[in-house]
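# Observations on chain architecture
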Amino acid sequence: MSENERIGGPAGQATRAGFVALIGAPNAGKSTLLNQLVGAKVSIVSRKVQTTRTQVRGIAMAGQSQVVFVDTPGIFRPKRRLDRAMVTSAWGGATDADIVGLLIDVAMHNAPETTELLARMSEIRQPKFLVLNKVDTLKDKSALFSISTHLNEKAAFETTFMISALSGSGVKAMLDWLAGRVAPGPWLYPEDQVSDAPLRFLAAEITREKMYERLHDELPYRSTVETESWQQKPDGSVRIEQTIFVERESQRKIVLGKGGATIKAIGQSARKDIAEAAEAPVHLFLFVKVREDWGNDPARYKEMGLEFPQG
């Protein structure tokens, strides 16, 4: 966003604004934290790892400061083309931000992926802070100090926060610190805006989340949801058509369920959350199509906001 596109702020009051990237391993709790910070669902949350595929921005207000959070895909060792695109997007989000927060599940502080992440933090020139998440699940709370000390020896963090993204414990302290840490300047977005992701994208993400919740491990990650049409009706309601793409006919049958029961349940659950996001009654129509090898289709990457990796 250029300086000319900045929104400003209350007249005569000093404002601050900046971009903060949240990075971490899959399932560290980044999406849960983002939704907690913003106070609204802007990013998909699932027990399955690697569910955030692209950068999602959530906008939080704290006093006269506007903090724009970038929830990046979890960083892991990529195996497929889609994996490579997701990891590239994650590191891109970090290098483009003003401040970078490394989120670590406290139970995974000694895991190999945490060690790899800490080693790469030296490549990031921006100010960095550490967030230890899920501290409420740690039985021995006295271990927190030694864990924090050990991690801070591995990278130059300005400060450390111990939080529970799920319950919200410690999250306000983190937001207050960031509000004073972002640079003075005009706001980047309108005060009441919670995300820069278009509603079409958010609607597709909500349906994808409900699909994961319903099917758990039955459905591979290589499925995606696209919002094909979004029509405003004269009565103020919205008619939405979405297509769920899978790679095999057997997967299509899983999504549909016996007599269409599964797809109906997914639609009912998604419709409720989409209506809340759209602030309007929603008529949701879901279709399931087989598109073999969609994970190598550049058009699908463009729809998800990812760069298509060559080779």
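Here the structure is a predicted model, which means the values were calculated and not measured.

## What about the overall build of the chain?
The helix and strand inventory of the chain stands at 9 helices and 9 strands. Evaluated residue by residue, the chain yields a buried proportion of 51% over its 311 residues. Per element, the accessible surface of the chain, about 14,800 Å² overall, is 50% carbon and sulfur.

## Topic: the nonpolar core
By size, the foremost hydrophobic cluster in this structure holds 28 residues, and its most contacted members are F19, L102, M121, L151 and F157. Those elements giving two or more residues to this core turn out to be strand 1 (16-24), strand 3 (65-71), strand 4 (99-105), helix 3 (112-120), strand 5 (128-133) and helix 4 (143-154). Residue contributions to this core peak at 4 residues, all from strand 1. For M121, the contacting residues outside a window of four places in its chain are I23, V100, L102, K128, A155 and F157. The next biggest cluster of nonpolar side chains, apart from the first, holds 24 residues, and it includes A60, I99, I163 and V171.

## Comments concerning the environment of K210
Relative to the assigned elements, K210 resides in helix 6 (residues 199-215). Since its relative accessible area comes to 10%, K210 is described here as buried. Counting along the chain gives 59 residues from K210 to S269, while the straight-line C-alpha distance between them is 6.7 Å. Sequence-distant contacts of K210, that is, excluding residues within four places in its chain, are made with I266, S269, A270 and D273.

## Looking at the packing of aromatic side chains
Scanning the entire structure with this criterion turns up 3 aromatic pairs. Taken together, a centroid distance of 6.2 Å and an interplanar angle of 85° make the contact between F129 and F161 edge-to-face. Of the two residues, F129 sits in strand 5 while F161 sits in strand 6 (residues 160-162), which places them 32 residues apart along the sequence. Accessibility expressed as a relative area gives 0% for F129, which makes it buried. The structure contains a cluster of three or more aromatic residues connected by ring pairs, namely F129, F161 and W177. In this structure, R239 packs its charged tip against the face of F285, placed 4.1 Å from the ring centre.

## Side note on the pairing of strand 5
Counted residue by residue, strand 5 has 6 buried out of 6 residues, so it is predominantly covered. Taking the sense of rotation as the criterion, the β-α-β connection linking strand 4, helix 3 and strand 5 turns out right-handed. Following the backbone out of strand 5, through helix 4 and into the adjacent parallel strand 6, one traces a crossover that is right-handed.

## Side note on the packing of helix 1 (residues 30-38) against helix 5 (residues 171-181)
Put simply, helix 1 and helix 5 touch, their axes get as near as 10 Å, and they point 75° apart. With respect to their mutual orientation, helix 1 and helix 5 come out roughly perpendicular. Contacts between helix 1 and helix 5 pair L33, Q36 and L37 from the former with V171, M174 and L175 from the latter. Looking at the contact of helix 1 with helix 5, its residues break down into 5 nonpolar, 1 polar and no charged.

## So, unusual backbone geometry
Within the chain, K134 stands out as a residue other than glycine whose phi angle is a positive 65°. Residue placement: K134 occurs in the loop between strand 5 and helix 4. Phi is positive for E279, close to 55°, though the residue is something other than glycine. Tracing the backbone shows E279 in the loop between helix 8 (261-278) and strand 9 (282-290).

## Quick look at the pattern of salt bridges
Opposite charge on two side chains makes pairing possible when the charged atoms of those side chains draw close. Counted by the stated rule, this structure contains 9 salt bridges. Close ionic contact of R239 with E241 constitutes a salt bridge, the shortest N to O distance being 2.3 Å. Residue R239 is classed as partly exposed on the basis of its relative accessible area, which comes to 23%.

Quick notes on the rules
Residues numbered from 1 in each chain as written. Predicted model: local features only at pLDDT ≥ 70, side-chain atom pairs only at ≥ 80, totals over all residues. Heavy atoms only, no water. Helix = DSSP H or I, 4+ residues; strand = E, 2+ residues; numbered from the N terminus. Buried < 20%, exposed > 50% of the residue type's maximum accessible area, 1.4 Å probe, protein only. Areas by Shrake-Rupley, 256 points an atom, 1.4 Å probe, with all protein chains shown as cover. Core = buried A, V, L, I, M, F, W, Y, C linked by side-chain atoms within 4.5 Å. Contact = heavy atoms within 4.5 Å. Phe/Tyr/Trp six-rings, centres within 6.5 Å; stacked < 30°, edge-to-face > 60°. Lys NZ or Arg CZ within 6 Å of the ring centre and 35° of its normal. Right-handed = clockwise from strand over helix to strand, strands pointing away. Axes fitted to C-alpha atoms, helices over the stretch in contact; angles between N-to-C directions. Parallel < 35°, antiparallel > 145°, perpendicular 65-115°, else oblique. Nonpolar A, V, L, I, M, F, W, Y, C, P; charged D, E, K, R; others polar. Salt bridge = Lys/Arg side-chain N within 4 Å of Asp/Glu carboxyl O.

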